[in-house]
Every structure is written in C-alpha cells, then in structure tokens.
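What follows is each chain in one-letter form.
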Amino acid sequence: MGAHMKPLLAILLAAVLAASPAAALDEPKGPVILTIVGVVAEPNRDGSAVFDLAMLDALKGRRAKMDTPWTQGEVEFSGPLLREVLKAAGAEGSRLLVHALNGYSAEVPMSDALAMDTILATRLDGEVMTVRTKGPSMLVYPFDQDSSLFNEKYFARSVWQIKQIEVVQ
Ligand SMILES: Nc1nc2c(c(=O)[nH]1)N[C@H]1C(S)=C(S)[C@@H](COP(=O)(O)O)O[C@H]1N2
Ligand SMILES: [Mo]
C-alpha cells in the first residue's frame, strides 16, 4: 500500500469511531426538562438520561386532537411517543413511576408505552407547555383513539408537570 493511503485510512477510521457515539444519547444543549432514572442503558448524565426540548422534538411523535377533563373543548396535544423517549434512554423495565413537580406520582405499566400511542406532550395547541400550562411535559393517553380509556384509571396516570420518570424492573 502506498504511503499516501495512510492519511485516508486514518480519516476513515476517525469517521467510523466518531459515528459510534452518535448512537448514544446526545448531551442536552438547553435546559433539562425530563430526567429518566432507574434501568437506563443509554445514560448521558450521572447514570440517568436527561432531555431538553430539542431532544424530545427530534423523536418520533404524534399530534392528537381530543377532549380531556383538564381542558376546555377540543385541544391538540403533541410531543414524542412515550415509547420513543424510553427507547432513546435505553429504558427497560415492567413499570414506570412518573413523578411530577408538585410531588404527585403515578405508576404506569410499561405496556401503556409499548402497546398504546401515549405521548409525552410538550405542546398544547402548538404552544410549548410551561409549568403554568401543565408542562414542561404531560403524559397524554390516546383518548382520541379509544374512548374506553376515558376514565379515572387513566386520568390518574395522566401526570402533568412531569419532572422525572423512574424505570422499574
Ligand atoms: N402533576 C399532577 N398530575 C396529576 C395529578 C396531580 O395531582 N398532579 N392528579 C391525577 C389524578 S389522581 C387525576 S384523577 C387527574 C385529574 O386530576 P384533577 O381532577 O385534579 O384535574 O390528574 C392526574 N394527574
Ligand atoms: Mo384521581
């Protein structure tokens, strides 16, 4: 092999090595709005997976128009699918403990993320949800897809002002 090939190989090797960490979770550039703790295989900060709004926006999401007990008339929630957030974090477990800023928490079976189009809504009618409007994120069930979900069992799991999701084995 000619000596002139070596720099090219070095560049290719560097490119391959640089590409591998891209599969892991990026570092948040903006304020952290969600922390996933517990069984997390893709941590990006102190063993946990932290997300800013841009990271959540980059994930496959859903927008859904629906009525809820907390809103007036039909509204549109949008945000990443919960299962995509969990996948990005490498979360593996049987249940989730969803903790809110106000101290409320709810236990959510992993199947609610995997078998349902639950979203971690970050926007209400296109506007970023602030703490004042039940943000920075809210667990929204697909009430528009399945009206049988419209009951107290799922209302109690509809945690708003989410701070942290704990993944339990
Ligand atoms: N952050 C947060 N989310 C929450 C709650 C809460 O207190 N804080 N209450 C839960 C319960 S028990 C129910 S039934 C629904 C509806 O609560 P509301 O009737 O007080 O609006 O929201 C759920 N999500
Ligand atoms: Mo409730």
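1. Description of the sheet that holds strand E8 (residues 123-124)
Right, so step 1: The antiparallel open sheet is built from four strands, whose spatial order is E3-E4-E8-E9. The strands lining the two open edges of the sheet, one partner per strand, are strand E3 (61-66) and strand E9 (127-128).
Right, so step 2: Relative to strand E4 (residues 75-80), E3 runs antiparallel, the two sharing six bridges. Its bridge partner lying in E4, arginine 63 is registered against serine 78.

2. So, the pattern of salt bridges
Right, so step 1: The full count for this structure, using the stated rule, is nine salt bridges.
Right, so step 2: Aspartate 144 is the partner of arginine 62 in a salt bridge, and the nearest nitrogen-oxygen pair spans 2.7 Å. Remark: aspartate 144 occurs in the loop between strand E10 (138-140) and helix H5 (152-157) and arginine 62 occurs in strand E3; sequence separation between them is 82 residues.
Right, so step 3: Residue class for aspartate 144 comes out partly exposed when judged on its relative accessible area of 34%.
Right, so step 4: Note that arginine 83 is salt-bridged to aspartate 117, the shortest N-O span being 2.8 Å. Residue arginine 83 is found in helix H3 (residues 82-89), and its partner aspartate 117 is found in the loop between helix H4 (110-114) and strand E7 (119-121); the two are separated by 34 residues along the sequence.
Right, so step 5: Overall, the relative accessible area of 23% leaves aspartate 117 in the partly exposed class.
Right, so step 6: One continuous salt-bridge network, built from bridges that share partners, spans Arg63, Lys65 and Glu76.

3. What to know about the packing of aromatic side chains
Right, so step 1: If you walk through the whole model with that rule in mind, you get eight aromatic pairs.
Right, so step 2: When the centroid spacing of 6.4 Å and the interplanar angle of 45° are considered together, the rings of tyrosine 141 and phenylalanine 143 count as tilted.
Right, so step 3: Owing to a relative accessible area of 0%, tyrosine 141 belongs among the buried residues under this scheme.
Right, so step 4: Residue class for phenylalanine 143 comes out buried when judged on its relative accessible area of 8%.
Right, so step 5: Taking 5.5 Å as the distance between ring centres and 75° as the angle between the ring planes, the aromatic pair formed by phenylalanine 143 and phenylalanine 150 counts as edge-to-face.
Right, so step 6: An aromatic cluster of at least three residues, connected via ring pairs, comprises Trp70, Tyr141, Phe143, Phe150, Tyr154, Phe155 and Trp160.

4. So, the sheet that holds strand E6 (residues 105-109)
Right, so step 1: Judged by pairing direction, the sheet is mixed, and its five strands sit side by side in the order E2-E1-E11-E5-E6 without closing on themselves. Edge positions in the sheet fall to strand E2 (49-51) and E6, since each has one partner strand and no second. When the angles between neighbouring strand axes are averaged without regard to direction, this sheet yields 20°.
Right, so step 2: Across six bridges, strand E5 (residues 95-100) lies against strand E11 (residues 162-168) in antiparallel orientation. When the sheet's bridge partners are listed, alanine 100 is paired in E11 with isoleucine 162.

5. Quick word on the site of ligand 1
Right, so step 1: By nearness alone, every residue bordering ligand 1 is listed as Trp70, Ala100, Asn102, Tyr104, Glu152, Phe155, Ala156, Ser158, Val159 and Trp160.
Right, so step 2: With respect to ligand 1, the backbone of serine 158 contributes an N or O atom lying 3.0 Å from a nitrogen atom.
Right, so step 3: One of the backbone N or O atoms of tryptophan 160 is found 2.7 Å from a nitrogen atom in ligand 1.
Right, so step 4: Per element, the largest residue contribution to the shell around ligand 1 is three residues, and it comes from H5.
Right, so step 5: Residues of the shell around ligand 1, tallied by class, amount to seven nonpolar, two polar and one charged.

Each value, and the rule that gives it
- Residues numbered from 1 in each chain as written.
- Chains lettered and ligands numbered in written order.
- Predicted model: local features only at pLDDT ≥ 70, side-chain atom pairs only at ≥ 80, totals over all residues.
- Heavy atoms only, no water.
- Pairing = 2+ DSSP bridges.
- Helix = DSSP H or I, 4+ residues; strand = E, 2+ residues; numbered from the N terminus.
- Salt bridge = Lys/Arg side-chain N within 4 Å of Asp/Glu carboxyl O.
- Buried < 20%, exposed > 50% of the residue type's maximum accessible area, 1.4 Å probe, protein only.
- Phe/Tyr/Trp six-rings, centres within 6.5 Å; stacked < 30°, edge-to-face > 60°.
- Axes fitted to C-alpha atoms, helices over the stretch in contact; angles between N-to-C directions.
- Near = heavy atom within 4 Å.
- Polar contact = N/O pair within 3.5 Å; in protein donor to acceptor, adjacent residues only side chain to side chain.
- Nonpolar A, V, L, I, M, F, W, Y, C, P; charged D, E, K, R; others polar.

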